[in-house]
Every structure is written in C-alpha cells, then in structure tokens.
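# Summary of structural features
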Amino acid sequence: MILRVCDNGREQVVPAAPELVESVFAPDTEIADGTEITPAEGDRWVAALAVGARGGPGEFLLSGAAGETATVSGQAGRSEALRRFREFLSRGGE
C-alpha cells in the first residue's frame, strides 16, 4: 500500500503506515488548499483534497473506490477524513 501526497506540484509517494497518516492529519499540521492525500492498494483508493478552511467541517473533499464501486464521497472535516483513512488502512488486503 502506498501513500501519495501532492502539494503545490510536489509529489511524495511512500509506503503507507498508520503513523504517517496520523501525522499528515495531525491538528497542528498545515495542509495547503489543493493538497491531495491518497492511500492506494491495487484498485482500492481513498483521496482527500484540501478545499476548505483548516479545522472546518468542509476542510476536505473525500472520494474513493474499490474497483468500479465508489466507496465514499462528499465534504468532511479533518477528524472524519482521518477516520476514513484509518478504516482504509485497517482493511489492507481486502
């Protein structure tokens, strides 16, 4: 499983790890508008795109899929985005 973070044209792709996801979504972490954060494994992925005010209920636009089936979509705050990323990581290999 990989974690891709694309911020202002800079792309970082690293092995996904729960600790890394926690640090990316930590309350004190600055996330610029337009930043895309995506863990992926095979045809499964979930993405958070920073679109709103830091700490706001619509801070991220979430989307995802498992094969051809959409799994999540809509706006969410940081804690909800983190919850969905934790869930995604915990289902590794499904």
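Just above sits the structure.
Residues numbered from 1 in each chain as written. Predicted model: local features only at pLDDT ≥ 70, side-chain atom pairs only at ≥ 80, totals over all residues. Heavy atoms only, no water.

### Brief notes about the overall build of the protein chain
- Secondary structure summary: the protein chain contains 2 helices and 6 strands in total.
- The order of α-helices and β-strands along the protein chain, N terminus first, is β-β-α-β-β-β-β-α.
- A compact globule built from 94 residues should have a C-alpha radius of gyration of about 12 Å, and the protein chain, at 12 Å, falls within 12% of that.
- Principal-axis analysis of the C-alpha atoms gives the protein chain an extent of 35 × 25 × 25 Å.
- Looking at the protein chain as a whole, 34% of its 94 residues are labelled buried.
- Looking at the protein chain alone, contacts between residues at least 24 apart form 39% of all its contacts between residues at least 6 apart.
- The averaged location of the 15 negative side-chain charges in the protein chain is 3 Å from the averaged location of its 9 positive side-chain charges. (Helix = DSSP H or I, 4+ residues; strand = E, 2+ residues; numbered from the N terminus. Rg over C-alpha atoms; globule rule 2.2 N^0.38 Å. Buried < 20%, exposed > 50% of the residue type's maximum accessible area, 1.4 Å probe, protein only. Contact = heavy atoms within 4.5 Å. Lys, Arg positive; Asp, Glu negative; His and termini not counted. Charge placed at Lys NZ, Arg CZ, Asp CG, Glu CD.)

### Some words on the side chain of Arg-44
- Among the structural elements, Arg-44 can be located in strand S4 (residues 44-50).
- Residue class for Arg-44 comes out buried when judged on its relative accessible area of 9%.
- There is a polar contact of 3.5 Å between the side chain of Arg-44 and the backbone oxygen of Phe-88. (Polar contact = N/O pair within 3.5 Å; in protein donor to acceptor, adjacent residues only side chain to side chain.)

### So, the nonpolar core
- With 18 residues, the main nonpolar core has Val-21, Phe-25, Ile-37, Phe-60 and Phe-85 as its most contacted residues.
- Elements represented by at least two residues in this core include exactly strand S1 (2-7), helix H1 (18-24), S4, strand S5 (60-66) and helix H2 (78-90).
- For this core, the element with the most residues is H2, which contributes 5 residues.
- Apart from residues lying up to four places away in sequence, Ile-37 is in contact with Leu-3, Arg-4, Val-5, Val-24, Phe-25, Ile-31, Val-46, Ala-47, Ala-48, Phe-60 and Phe-85. (Core = buried A, V, L, I, M, F, W, Y, C linked by side-chain atoms within 4.5 Å.)

### Observations regarding the side chain of Arg-78
- With respect to the helices and strands, the residue Arg-78 is situated in helix H2.
- Apart from residues no more than four positions distant in its own chain, Arg-78 is found in contact with Val-24, Phe-25, Ala-26, Pro-27, Thr-29, Ile-31, Arg-54, Gly-56, Glu-59 and Phe-60.

### Some thoughts on the packing of aromatic side chains
- Tallied over the entire structure, the rule returns 2 aromatic pairs.
- For the ring pair Phe-25 and Phe-60, a centre distance of 5.5 Å and an interplane angle of 70° mean the geometry is edge-to-face. Placement of Phe-25 in the loop between H1 and strand S3 (36-41) and of Phe-60 in strand S5 is noted, with a sequence separation of 35 residues between them.
- Here Phe-25 falls in the buried class, since its relative accessible area comes to 3%.
- Residue classification places Phe-60 among the buried positions, given a relative accessible area of 0%.
- Measuring from centroid to centroid gives 4.9 Å for Phe-25 and Phe-85, while their planes differ by 70°, and the two rings are edge-to-face. In this pair, Phe-25 sits in the loop between H1 and S3 while Phe-85 sits in helix H2, placing the two residues 60 residues apart along the sequence. The pair Phe-25 / Phe-85 is uniform in exposure class, with both members buried.
- Chaining the aromatic ring pairs together yields one cluster made of Phe-25, Phe-60 and Phe-85.
- Across from the ring centre of Phe-88, 4.1 Å away, lies the NZ or CZ of Arg-44, which sits over that ring. (Phe/Tyr/Trp six-rings, centres within 6.5 Å; stacked < 30°, edge-to-face > 60°. Lys NZ or Arg CZ within 6 Å of the ring centre and 35° of its normal.)

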